[in-house]
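Chains, contacts and geometry: an overview
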Amino acid sequence: MTKVLVSGATGTIGRPLVNKLEDAGADVRTVTRELTDPIALEAALDGVDAVFLLWPFASAEGAREVVDLIGARRLVYLSSAAARPHEVEIERLIAGAAREWTVLRPHAFAANTLRWAEQVRAGVVRQPYGEAAFSPIHERDVAAVAVRALLDEGHHGAVYTLTGPRPLTQREQARAIGAAIGRSVRWEEEPPEEARLRLLGLGWPAPAVDGMLRGLAEPGPATGTVEEVTGAPASTFETWASEHAADFLGTMRAARIHEYGDASVISLDEVPVPKPGPGEVLIRVAATSFNPSEVGLRMGLLEDTLGVTLPHTLGWDVAGTVVTGAGDLAPGDRVFGLIDGAAAEYAVAKASVLARAPERIPLADAAAVPVAGLTAWQAVFEHARIGRGSRVLINGAGGGVGLFAVQLAKYAGAHVVATAGPRSAAAVRALGADEVVDYTSVPLPGGNDVLINLVADVPASVTRLAKEFVSITQPIEHPRAVQFVARNDPGQLAELVALIDKGVVHVNADVRPLESLADLHRAAERGLVRGKVIVEVEA
């Protein structure tokens, strides 16, 4: 196993480098402040085969001692395409001391555009030299080249000029960032002399300002070195912008609770846009939906069951557009699913828990499906095992789950008897119920094969109404009764999508804005919410 020492391990290049080295099976050590401490550095170098050197200073002072300590090991040095005097001196020292050495000279980092973040949020990037073209390189690609040079043979004496795959003007880069975050970003040309005064006013040294402006004025090359060394094409700037969308978005609105209590504890907070981790996507939320069980969550009744940590962002159902992709999901894909924290302008989720949204209905309407649709699916097909010719009584058919359960039971070939109040009866009948019973005035009918219970208050007498029982609320005391809590199942979501797109299953829901979520909770507690309610979010 190759032992590699990485300096600058917490930086833009260092973080992906460490991850890639570990993925390749290397034994990785890191140094930060120890780099200029001879005793600490010598201890860190013990048994090390190769070193990645990021020199964090603007002069070569002290570099000779460090390079001498590294000695006759393989050494990869992160220089720059600018080849500034101190970088040239360090390259010279390395060439004279290292057993094997490689120099990396990246051109403009894509990450340099993060300095525009505040202006991007305002919708206008004002900088000099908008038509200057560069080939911005993804930090991950620099790390990938470094891995090959550290672990493989054949890189001794190489000086690699690293760029992205194609030139983009700064104006085009700003436009690409806007596309990644779904907002219009306009370029406004800033005269170079104004830019110089602005940067000097921020405390930048004059030589650094003048050097940066000279560099911006000259177009940069585009090389194929990344692909030649790694075998994989360099990442585009558009890919980088998508992956870093959260850095440009800044903050968002989220419906959160900071304590348990009545509906007044729900607040619309301004919070940072979450950053997706490995395997996760960032979603621009079109809508979430209201589920009655969220009233219990808000009151603290589900704290032990769900392991809620406060402050907590509400919302389990999500429908939206992928901003930062992962797995099989790419930016722009329409997705929906069951997650935590969907009552916000942006949310993160494992790509593996999401499904592609139906095409037949508006994207926001898809938020009505996950919790209610999965619960109905599992009640009908897994627990009740309804088939052709079954007689099923759906108790509470006018609720969000019930409207799906009626359609799925009918699709399975059952004779569907549905209970619904006067306000819901027409909707339930329109979705295919063979019989609709007004539970407010008529006793529930017997003679059923299965009773699917979706209401909270269940009288003991229901055990006389069917042979088998399935409940999503309170248990039913009967030898052939089951109570369950729905689980997330993207495969079942995909099956629901197929039925929706074929027109077999219809999605009917009221629509409320995110700002009305607290009022929606109050209405639900008074029994004034029927069917499914979508909560629209405008990011």
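Use the structure listed above.
Residues numbered from 1 in each chain as written. Predicted model: local features only at pLDDT ≥ 70, side-chain atom pairs only at ≥ 80, totals over all residues. Heavy atoms only, no water.

**Description of helix α3 (residues 63–70)**
The periodicity of an α-helix, 3.6 residues per turn, causes residues three or four places apart in sequence to face the same way. Among all positions in α3, only A63, V66, V67 and I70 are buried. The buried residues of α3 occupy an angular sector of 95° when projected down its axis, which confines them to one face. Those residues of α3 hidden inside the fold are in contact with α2 (38–44), β3 (50–53), β4 (74–78) and α4 (85–97). Of the residues flanking the end of α3, it is G71, one or two places downstream, whose phi is positive at about 65°. (Buried < 20%, exposed > 50% of the residue type's maximum accessible area, 1.4 Å probe, protein only. Helix = DSSP H or I, 4+ residues; strand = E, 2+ residues; numbered from the N terminus. Arc of directions from axis to C-beta. Contact = heavy atoms within 4.5 Å.)

**Things to note about the packing of helix α1 (residues 14–23) against helix α6 (residues 139–151)**
Two elements in contact, α1 and α6, have axes separated by 8 Å at closest approach and are oriented at 45°. In terms of their interaxial angle, α1 and α6 are classed as oblique. In terms of crossing hand, the pair formed by α1 and α6 is right-handed. Touching P16, L17, K20 and L21 of α1 are E139, R140, A143, A144, A146, V147, L150 and L151, all from α6. Grouping the amino acids of the contact of α1 with α6 by side-chain chemistry returns nine nonpolar, no polar and three charged. (Axes fitted to C-alpha atoms, helices over the stretch in contact; angles between N-to-C directions. Parallel < 35°, antiparallel > 145°, perpendicular 65-115°, else oblique. Left-handed = near helix turned anticlockwise from the far one by under 90°. Nonpolar A, V, L, I, M, F, W, Y, C, P; charged D, E, K, R; others polar.)

**Remarks on the packing of helix α15 (residues 370–383) against helix α16 (residues 400–411)**
Describing two packed helices takes the angle between their axes plus the distance from one axis to the other. Two elements in contact, α15 and α16, have axes whose closest approach is 8 Å; the angle formed by their N-to-C orientations is 40°. Viewed along their axes, α15 and α16 adopt a mutual orientation that is oblique. In this structure, the crossing between α15 and α16 has a hand that is right-handed. Where α15 abuts α16, its residues A372, G373, T375, A376, W377, V380 and F381 lie against G400, V401, F404, A405, L408, A409 and Y411.

**A look at the pattern of salt bridges**
Summed over all chains, the structure comprises 30 salt bridges. E188 serves as the salt-bridge partner of R186, at 3.5 Å between the closest nitrogen and oxygen. With a shortest N-O distance of 3.4 Å, E435 and R391 are connected by a salt bridge. Of the two residues, E435 sits in strand β21 (residues 435–437) while R391 sits in strand β19 (residues 391–395), which places them 44 residues apart along the sequence. One salt-bridge network, in which partners are shared between bridges, spans R74, R99, E100 and E153. (Salt bridge = Lys/Arg side-chain N within 4 Å of Asp/Glu carboxyl O.)

**Here's the deal with the sheet that holds strand β22 (residues 448–453)**
What the six strands build is an open sheet, ordered β21-β20-β19-β22-β23-β24; its pairing is parallel. At either margin of the open sheet sits one strand with a lone partner, and together these are β21 and β24 (481–483). This sheet shows a mean twist of 15° between the axes of neighbouring strands, independent of strand direction. The sheet contact formed by β22 and strand β23 (residues 466–471) spans five bridges and is parallel. (Pairing = 2+ DSSP bridges.)

**Comments concerning the packing of aromatic side chains**
Applying the stated criterion across every chain, the model contains five aromatic pairs. The interplanar angle of 75° and the centroid separation of 5.2 Å between the aromatic rings of W55 and F57 together place this pair among those described as edge-to-face. The partly exposed category is assigned to F57, whose relative accessible area is 39%. A centroid spacing of 5.5 Å and a plane angle of 75° characterise the contact between W116 and W187, whose relative ring orientation is edge-to-face. Pair noted here: W116 is in the loop between β5 (100–106) and α5 (117–122) and W187 is in strand β10 (residues 186–189), with a separation of 71 residues, a long-range link. Classification of W116 as buried rests on a relative accessible area of 1%. (Phe/Tyr/Trp six-rings, centres within 6.5 Å; stacked < 30°, edge-to-face > 60°.)

**Observations concerning the nonpolar core**
Membership of the largest hydrophobic core comes to 51 residues, with the highest contact counts inside it found for F336, I386, V392, I394, V406 and I452. For this core, the leading source of residues is α16, giving seven residues. Sequence-distant contacts of I386, defined by excluding residues within four places in its chain, comprise V380, V392, A409, A412, A414 and I452. Core analysis: the second largest hydrophobic core is formed by 33 residues, F290, A326, A343 and V371 among them. (Core = buried A, V, L, I, M, F, W, Y, C linked by side-chain atoms within 4.5 Å.)

**Focus: the pairing of strand β2 (residues 27–31)**
Examined bridge by bridge, strand β1 (residues 3–7) and β2 share five bridges and lie parallel to one another. Looking at β2, one finds that L5 is bridged to R29. In the classification by handedness, the crossover that spans β1, the intervening α1 and the parallel β2 is right-handed. (Right-handed = clockwise from strand over helix to strand, strands pointing away.)

**Remarks on the sheet that holds β5**
On the basis of which strands lie adjacent, the open sheet formed by six strands has the order β2-β1-β3-β4-β5-β8 and parallel pairing. Strands at the two margins of the open sheet, each flanked by one partner only, are β2 and β8 (158–162). For this sheet the average axis-to-axis angle between neighbouring strands, irrespective of direction, equals 15°. In the sheet, β4 pairs with β5 via five bridges, with the strands oriented parallel. The partner of Y77 across the bridge, within β5, is V103. Sitting on the sheet, α6 touches β1, β3, β4, β5 and β8, and the angle it makes with β4 is about 160°.

**Digging into the side chain of R73**
By the secondary structure assignment, R73 is in the loop between α3 and β4. Buried and without a salt bridge, R73 has D46 as its closest oppositely charged side chain, separated by 6.2 Å. Of note is the side chain of R73, whose polar atom sits 3.0 Å from the backbone oxygen of L45. Reaching out from R73, the side chain makes a polar contact with the backbone oxygen of V48 at a distance of 3.0 Å. (Lys, Arg positive; Asp, Glu negative; His and termini not counted. Polar contact = N/O pair within 3.5 Å; in protein donor to acceptor, adjacent residues only side chain to side chain.)

**Comments concerning unusual backbone geometry**
For the peptide bond that leads from L310 to P311, omega is -5°, which places it in the cis range. Structurally, P311 is set in the loop between α14 (303–306) and β14 (312–313). At A83, a residue that is not glycine, the phi angle is positive and equals roughly 45°. Tracing the chain through its elements places A83 in the loop between β4 and α4. For A83, a relative accessible area of 27% translates into the label partly exposed. Of note, Y129 is a non-glycine position whose phi angle comes to about 60°, a positive value. Y129 sits in the partly exposed class, given a relative accessible area of 25%.

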